[in-house]
Amino acid sequence: MSRYISESLREFVKNRAGGICEYCLINIEDTYFGGEIDHIISLKHKGKTESENLAYSCQPCNRNKGSDLGSIAEKTGTLIRFFNPRIDLWSDHFILKQAKISPLTEIGEVTEQIFEFNETERIHERKGLIEIGHYPSESKKKSF
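Predicted, not measured: the structure shown is a model, and the values here were computed from it.

Peer 1: Could you clarify how one ought to interpret the packing of aromatic side chains in this entry?
Peer 2: The description of an aromatic ring pair uses the distance of the two centres, along with the angle that the planes make with each other. All chains considered together, the criterion is met by eight aromatic pairs. Residues Y23 and F83 carry aromatic rings whose centres are separated by 6.4 Å and whose planes lie at 80 degrees to one another, so their mutual orientation is edge-to-face. With Y23 in the loop between helix 1 (7-16) and strand 1 (35-39) and F83 in the loop between strand 4 (79-81) and helix 3 (90-93), this pair connects stretches of sequence that are 60 residues apart. The same class applies to Y23 as to F83, namely buried. On the numbers, 4.9 Å between centres and 85 degrees between planes, the contact of Y32 with F33 is edge-to-face. Residues Y32 and F33 agree in their burial class; the two are exposed.

As structure tokens, this is what we get:
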């Protein structure tokens, strides 16, 4: 398994996502650190470097996720996988309430918790972007 992601594959993943983080829906152009290509299933878990296993991600989402695949749901104590933008619809697992991303399912719960969607700085960032009409992006508003 290769860590190398070709420039054409990087561009495909970015364009497929419309320049938006596929996890928290922030427009990457509105972020300080830019976008990263995430292996949904990490290489260490035998994930492949191919389009169906790659997502476009903002740095906080990608760094918080790391190589994890899921986490323990608080209510049931069971291991639950993270939201996967290749097979899941965002609106099935999350709802946007003002600037807060609230989970609707256990998948949403563990993803929101580990990716730290609602850390104070991230909520402030989204509030500011909402005020100027940049969040959620026009291309993602149909998901709500």
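Still more ground to cover, so stick around.
Peer 1: What is the right way to look at helix 5 (residues 120-131) in this model?
Peer 2: Residues spaced three or four apart along an α-helix point in a common direction, a consequence of the helix completing one turn every 3.6 residues. End to end, helix 5 covers 17 Å across twelve residues, agreeing with the expected 16 Å (1.5 Å per residue, within 8%). Considered for burial, the residues of helix 5 that qualify are R122, I123, R126 and L129. The buried residues of helix 5 all sit within an arc of 125 degrees when viewed along its axis, so they share a single face. The exposed residues of helix 5 that point more than 90 degrees off its buried face are E121, H124 and E131. Looking at the buried side of helix 5, the elements it contacts are strand 2 (54-58), helix 2 (59-65), strand 6 (100-103) and helix 4 (106-115). A positive phi of about 75 degrees marks G133, the residue just after helix 5.

Calculation criteria
Residues numbered from 1 in each chain as written. Predicted model: local features only at pLDDT ≥ 70, side-chain atom pairs only at ≥ 80, totals over all residues. Heavy atoms only, no water. Phe/Tyr/Trp six-rings, centres within 6.5 Å; stacked < 30°, edge-to-face > 60°. Helix = DSSP H or I, 4+ residues; strand = E, 2+ residues; numbered from the N terminus. Buried < 20%, exposed > 50% of the residue type's maximum accessible area, 1.4 Å probe, protein only. Expected span 1.5 Å × (residues − 1). Arc of directions from axis to C-beta. Contact = heavy atoms within 4.5 Å.

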